[in-house]
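A look at the structure
What follows is the residue order along each chain.
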Amino acid sequence: MLGKGNTAEVFEYEQGKVCKLFFEGYPQQYIEHEYQNAKEVFRLKLNIPEPFGLVTINQRNGIIYERVDGEPLLNHWKNTNIDKSLDMFTQIHHEWLGNHSTNVLSYKEFLSIQINNEVIEHKKLMEEIYALPDDDCILHGDFHPNNVLVRLSDGVPVVIDFMNVCYGPALFDIARTFFLLNQVNSFTANKYLKKMNVSVIDIAPYLNVIEQCRKYET
């Protein structure tokens, strides 16, 4: 085993490959959803581990990915110059947001699924979500320094974790990253926003929705 998260464990597989094996009972449709997202992002030639296929091992379902030997950008973040790490982080984010696709869920669909089907209870929130702008930028949906691996062999950053990939306005993904960073360190979050050339006012409508949806995340 190479690593463990909330929903899956990562194991060595064949040479140059790993298996992200989800815990027994984890919904198959979510696994297929991540796999399809990964295939679309790989098609766009963004720097991610190549997804090879789906697999079932000992009644657990998983995805076979290219193996990346690296360490999270967060480690560099802590151990080196924060500006240098943030420059790498924002450059990658700009690269993602410069790509376009509608072959994944829209961010509005993703959020509406996330808050479940209790339409009456969440009617106001649903209205807020669908009142936001539309666009077709490819969004990571969970872009933070633990989801960027710096490859040990050459220092090239590789992005992981594709469950939340969707399409929509770039500002939504920037707001989501700002929100995640701000929960840990407001100084870093504000530096990130400045490097992205975006203000808090620009992302305010998205932040409001992201904060409300946070409690429904699984």
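Residues numbered from 1 in each chain as written. Predicted model: local features only at pLDDT ≥ 70, side-chain atom pairs only at ≥ 80, totals over all residues. Heavy atoms only, no water.

**Thoughts on the sheet that holds strand β6 (residues 70-72)**
Definition in use: Strands pair, by our definition, only if DSSP identifies at least two bridges between them. Numbering of helices and strands runs from the N terminus, with a helix taken as a DSSP run of H or I at least four residues long and a strand as a DSSP run of E at least two residues long. Interaxial angles span 0 to 180 degrees and are taken between N-to-C directions of axes, which are lines fitted to C-alpha atoms, for helices over the stretch in contact. The contact definition used throughout considers only heavy atoms, calling two residues in contact when any of these lie within 4.5 Å.
Strand order in the open sheet formed by three strands is β6-β8-β9, with antiparallel pairing between adjacent strands. One side of each edge strand has no neighbouring strand; the edge strands of this open sheet are β6 and β9 (157-159). Between one strand axis and the next, the sheet turns through 35° on average, direction left out of account. Contacts from helix α3 (residues 82-97) reach β8 (148-151) and β9, with the element oriented near 50° to β9.

**Notes on the pattern of salt bridges**
Test applied: Here, a salt bridge means any side-chain nitrogen of Lys or Arg that lies within 4 Å of a carboxyl oxygen of Asp or Glu. Exposure is judged per residue with a 1.4 Å probe applied to protein chains only, and the accessible area is read against the type maximum: over 50% gives exposed, under 20% gives buried, and values in between give partly exposed.
Applying the stated criterion across every chain yields a total of 15 salt bridges. The residue E12 makes a salt bridge to R67 at a minimum N-O spacing of 3.2 Å. Taken together, the residues E12 in strand β2 (residues 8-12) and R67 in the loop between β5 (60-66) and β6 connect sequence positions 55 residues apart. Residue classification places E12 among the exposed positions, given a relative accessible area of 52%. For R67, a relative accessible area of 29% gives the class partly exposed. Residue D142 pairs with R176 through a salt bridge whose shortest N-O separation is 3.2 Å. A residue pair is termed long-range when its members are at least 10 positions apart, and D142 in the loop between β7 (137-139) and β8 and R176 in helix α6 (residues 170-182) qualify at 34 residues. The pair D142 / R176 is uniform in exposure class, with both members buried.

**So, the sheet that holds β2**
The strand order across the open sheet built from five strands is β1-β2-β3-β5-β4, with neighbouring strands paired in antiparallel fashion. Because the sheet does not close on itself, it has two edges, and the strands there are β1 (3-4) and β4 (51-57). Taken together, the five bridges between strand β3 (residues 17-22) and β5 define a ladder with antiparallel strand orientation. Considered in β5, the bridge of V18 is made with Y65.

**Here's the deal with the packing of α6 against helix α7 (residues 186-195)**
For clarity, the threshold we go by: An angle below 35 degrees is treated as roughly parallel, one above 145 as roughly antiparallel, one from 65 to 115 as roughly perpendicular, and anything else as oblique. What makes a crossing left-handed is the near helix being turned counterclockwise from the far one by less than a right angle; a clockwise turn instead makes it right-handed. Here the term charged refers only to Asp, Glu, Lys and Arg, the term nonpolar to Ala, Val, Leu, Ile, Met, Phe, Trp, Tyr, Cys and Pro, and the term polar to all other amino acids, Gly among them.
At a minimum axis separation of 7 Å, α6 and α7 run at an interaxial angle of 160°. The orientation of α6 relative to α7 falls into the category roughly antiparallel. For the element pair α6 and α7, the recorded crossing hand is right-handed. For the pair α6 and α7, the contacting residues are I174, T177, F178, L181 and N182 in the first and S186, A189, N190, Y192 and L193 in the second. Split by residue class, the contact of α6 with α7 holds six nonpolar, four polar and no charged.

**Some points on unusual backbone geometry**
Excluding glycine, a negative phi dihedral is what most residues carry, and trans is how most peptide bonds are arranged. The backbone of N58 sits at a positive phi, close to 50°, despite the residue not being glycine. Tracing the chain through its elements places N58 in the loop between β4 and β5. Under the relative-accessibility criterion, N58 is labelled exposed at 69%. Phi at Q59 is positive, roughly 65°, even though this residue is not glycine. Judged by its relative accessible area of 65%, Q59 falls in the exposed class.

Remember, this is a structural readout, not a statement about activity or role.
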